[in-house]
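Residue strings, one per chain:
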Amino acid sequence: MTRRIVVIANRLPASWDGEQWVTSPGGLVRALEPVLQRTGGSWVGWSGTAGDAPDPFEHDGIALRPVRLSADELDGFYYGFCNSAIWPLYHDAIVAPEFHRHHWQPYRSVNERYARVAAEALQPSDIAWVQDYQLQLVPGMLRAFRTDVTIGFYLHIPFPPIELFSRLPWRRQIIEGLLGADVLAFQTRASVQNFARAARRYGHAESVGRRELNWRGRSIKLQRAPIAIDTAHFETVASSEPVQRRAAELRHELGDAERIILGVDRLDYTKGIDLRLKAFAGLLETNRNEPRRYAFVQVAVPSREDVPAYQVLRSDIEQLVGRVNGDYGQPGWSPVSYLYRSLDLEELISYYVAADVMLVTPLRDGMNLVAKEYVACHRDQPGVLVLSEFAGAAEQLKSALLVNPYDVDAVTETLRVATRMDSAEARTRMQRLSRTVRKEDVFEWARDCLAMLEAF
Ligand code: G6P
């Protein structure tokens, strides 16, 4: 990799904690930091605070270029168009998308601001790599400013089927914005196909084979590149002494239940947390005579708390937790432990290690890295992954127990199977999953994506 890369993402890879800039956790930052450090690349993004943006500065050897967003822009662009229109529309319209013209306007102007900041940061023959649904107009805008760079776009969430996408009042503009890229990459084959179809219908692009489009005289490549994790890091931390000790302690704190079941998600309606709780209640119902046999821990990471749909969801889930604990708990014992907070990485990994069964049952998910993290933490220890068919990860993790998360009885039954699986079968399944998660890690993902852009 020799060409310089400028990443353009909604958020910067670091946030201000009141005293200093702290590198954000997460696979994308871990994977790209070394590449950007090596090639002298930079990162364009929002600092996470409304109002004035700091001047460009360097953090961890990467030039950061903050984009300013006012409180009003944040309302229309981020809470409005991104998270009340595109997010639900691209996730099967689980919650009804809201289309407002007064949200579209700031989406356009904020995308243009990102494109302008990026255009200034770019030098001839650099690679501009635009990330995710918040910035779908940036590729087209950037191409209007700079024709001397290669432009890539990576969508972290699903691209929806045309029956849903066609509802969007600005579908043509979004498609034209995306088609400004030279390479468009998606998590799954289904998303590649969905996008190609929408591009033909609303952009009048022509397909050249399955992975190429022709549009206004340009060739555009489509790529399937499932995002991944730093597997080796999770494996190492999981087998470390403090984590092993903490995991044993957690099991004890959870009443030494025979089987510990775990869910870890951002508190989002796409994650199916409510149906999952009902499925767990089903398991308790059929085991009334052994009330302390199962413990379920749900870690719910606070997210987008200013969006009304997220507020409603939080209160629904908390009511349900109360109901399940009321129905099946005993003095001093609650079957559901609900944590509304984020955990630091070592504590999170201790939960993964402690859990016998990982329940990952989103109603729709671009990938779901929690599933991969759990597998990485169980290379040498027993554990069963229950995974939704509707998570992108299901295309790769075929040895998990796959479920339709809407079918509550089927999830209960799968939980029963998972909690009783004999150790030989569990080990074989985990070994297969482990091989995939080791081979296709986040570094491999970054290499794949960047190789495609380099070749352009
Ligand atoms: C998803 C999106 C990301 C987003 C993250 C957290 O994973 O694909 O682009 O950053 O959720 O959401 P937030 O709105 O807090 O950035």
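Counting from 1, residues in each chain are numbered in the order their sequence is written. Local features are withheld for residues below a pLDDT of 70 in this predicted model, meaning they are given only at 70 or higher, and side-chain atom pairs are given and counted only at 80 or more; totals for whole chains, interfaces and linings count all residues. Side-chain numbers come from the whole structure's heavy atoms, not from hydrogens or water.

### Structural notes on helix α13 (residues 369-377)
Burial of α13 is extensive: 8 of the 9 residues sit out of reach of the surface. Contact criterion: two residues are considered in contact whenever any of their non-hydrogen atoms come within 4.5 Å of each other. Secondary structure elements follow DSSP: runs of H or I no shorter than four residues count as helices, runs of E no shorter than two count as strands, and numbering proceeds from the N terminus. Next to the buried residues of α13 lie α8 (231-238), β13 (259-266), α12 (345-354), β16 (357-360), β17 (384-388) and α15 (423-439). Residue burial is assigned from relative accessible area. The probe radius is 1.4 Å, only protein chains are included, and a residue is buried under 20% of its type maximum, exposed over 50%, and partly exposed in between.

### Overview of the packing of aromatic side chains
Between the rings of Phe, Tyr and Trp (Trp by its six-membered ring), a pair exists once the centres lie within 6.5 Å; its type follows the angle of the planes, with under 30 degrees stacked, over 60 edge-to-face, and the other angles tilted. Tallied over the full model, the rule gives 26 aromatic pairs. Linked through ring pairs, F77, F81, W104, Y107, Y114 and W170 together constitute an aromatic cluster. Charge over a ring is defined by NZ of Lys or CZ of Arg lying within 6 Å of the ring centre and within 35 degrees of the ring normal. In this structure, R304 is placed above the aromatic ring of W87, and the distance from its NZ or CZ to the ring centre is 4.1 Å. For R314, the ring lying beneath its charged end belongs to Y340, and the centroid distance is 3.7 Å.

### With respect to the site of the ligand
Near, as used in this document, describes a residue that has one of its heavy atoms within 4 Å of the molecule or strand being considered. The environment of the ligand is formed by R11, Y78, W87, D132, Y133, Q134, H156, I157, R266 and R304. Y78 is positioned such that a nitrogen or oxygen atom in its side chain is 2.4 Å from an oxygen atom of the ligand. Whenever a nitrogen or oxygen atom comes within 3.5 Å of another N or O atom, the pair is scored as a polar contact, on the condition that within protein one atom can donate a hydrogen and the other can accept it, and that pairs from neighbouring residues in sequence are kept only if both atoms are in side chains. Interatomic distance of 3.2 Å between a side-chain N/O atom of Q134 and an oxygen atom of the ligand. Protein contacts shield 69% of the accessible area of the ligand, which totals 380 Å² for the unbound molecule. Here the nonpolar group is Ala, Val, Leu, Ile, Met, Phe, Trp, Tyr, Cys and Pro; Asp, Glu, Lys and Arg are the charged ones; every other residue, Gly included, is treated as polar. Split by residue class, the shell around the ligand holds 4 nonpolar, 2 polar and 4 charged. Methods summary: accessible areas were calculated by the Shrake-Rupley approach with a probe of 1.4 Å, and residue burial reflects only the protein chains presented.

### With respect to the sheet that holds strand β14 (residues 294-301)
The 6 strands are arranged β15-β14-β13-β16-β17-β18 in an open sheet whose pairing can be described as parallel. Looking along the sheet, the strands with just one partner apiece sit at the ends: β15 (336-340) and β18 (401-403). Recorded for the sheet is a direction-independent mean angle of 20° between the axes of neighbouring strands. Pairing between strands requires that DSSP locate at least two bridges from one strand to the other. Pairing geometry for β16 and β17, over 4 bridges, is parallel. Counted as the bridge partner of V360 is L387 from β17. The axes used here are C-alpha line fits, helices contributing only the stretch in contact, and every angle between their N-to-C directions lies in the interval 0 to 180 degrees. The sheet contacts of α12 involve β13, β14, β15 and β16, and relative to β13 the element is tilted by about 140°.

### Brief notes about the domain arrangement of the protein chain
As far as domains go, the protein chain holds domain 1 (5-228 + 443-454) and domain 2 (231-440). Residue ranges for the domains trace back to a domain assignment, done automatically or taken from a database. Distance from the C-alpha centre of domain 1 to the C-alpha centre of domain 2: 30 Å. The partner domain 2 presents 23 residues to the 25 residues of domain 1 that form the contact. Reported buried area values correspond to the accessible surface (1.4 Å probe) lost by two parts on association, with both partners' losses combined. Buried surface at the junction of domain 1 and domain 2, summed over both partners, amounts to about 1900 Å²; 60% is from carbon and sulfur atoms. Per-residue buried area on domain 1 facing domain 2 is highest for Y79, W87 and I94; these three make up 27% of the total on that side. What counts as a salt bridge is simple: a side-chain nitrogen of Lys or Arg found within 4 Å of a carboxyl oxygen of Asp or Glu. Across the domain 1-domain 2 interface, the total number found is 3 salt bridges. As a salt-bridge pair, D92 and R364 come within 3.0 Å of each other at their nearest N and O atoms. Taken together, the connections running from domain 1 to domain 2 amount to 9 residue pairs in polar contact (both at pLDDT 80 or more). Those elements that place two or more of their residues in the side of domain 1 that touches domain 2 are α2 (71-90) and α7 (189-203).

### Describing the packing of helix α3 (residues 101-121) against helix α4 (residues 138-145)
For the pair α3 and α4, interaxial distance at closest approach is 9 Å and the crossing angle is 45°. Regarding the angle of α3 to α4, the classification is oblique. α3 and α4 meet at a crossing whose hand is right-handed. Judged by residue contacts, R108, N111, E112, Y114, A115, R116, A118 and A119 of α3 engage V138, M141, L142 and F145 from α4. When describing relative orientation, an angle under 35 degrees is termed roughly parallel and one over 145 degrees roughly antiparallel, while 65 to 115 degrees is termed roughly perpendicular and anything else oblique. A clockwise turn of the near helix away from the far one marks a right-handed crossing, whereas an anticlockwise turn of less than a right angle marks a left-handed crossing.

### Focus: the pattern of salt bridges
For the coordinates displayed, the defined rule picks out 32 salt bridges. Where D126 meets R4, a salt bridge forms, and the shortest distance between an N and an O atom there is 2.8 Å. In this pair, D126 sits in the loop between α3 and β7 (127-131) while R4 sits in the segment before β1 (5-11), placing the two residues 122 residues apart along the sequence. A salt bridge links R266 to D268; the shortest N-O distance between them is 3.2 Å. In this structure D268 comes out as buried when scored by relative accessible area, which is 1%. A network of salt bridges, in which partner residues are shared, links E235, R379, D380 and R438.

### A few points about empty space enclosed by the protein
Only protein atoms enter the 1 Å grid used here, on which a cavity is any set of points holding a 1.4 Å probe that cannot leave and a pocket is any open set flanked by protein within 12 Å on both sides along at least five of seven lines; residues with an atom within 4 Å of a point are listed as lining. Grid points are joined across faces, edges and corners, and a volume is the space filled by probe spheres set on the points. Applying the stated criterion across every chain yields a total of 2 cavities of 30 Å³ or more. The space that makes up the largest cavity amounts to roughly 50 Å³. The wall of the largest cavity is formed by G383, V384, L385, S399, A400, M421, A426, R429, M430 and L433. Looking at the lining of the largest cavity element by element, the count peaks at 4 residues for α15. Residue composition of the lining of the largest cavity, grouped by class: 7 nonpolar, 2 polar and 1 charged. As a volume, the second largest cavity reaches approximately 40 Å³.

### As for the nonpolar core
Generally speaking, nonpolar side chains in soluble globular proteins are found buried as a group. Counting 100 residues, the largest nonpolar core has I8, Y114, F159, L179, L184 and F195 as its most contacted members. Top element by residues in this core is α2. It accounts for 11 residues. Summarising the domain contributions, this core has at least three residues from each of domain 1 (5-228 + 443-454) and domain 2 (231-440). Filtering out sequence-adjacent residues up to four positions away, L184 remains in contact with F153, L178, L179, F195, I220, K221, L222 and Q223. The term nonpolar core refers to a set of buried residues drawn from Ala, Val, Leu, Ile, Met, Phe, Trp, Tyr and Cys, joined through side-chain atoms within 4.5 Å.

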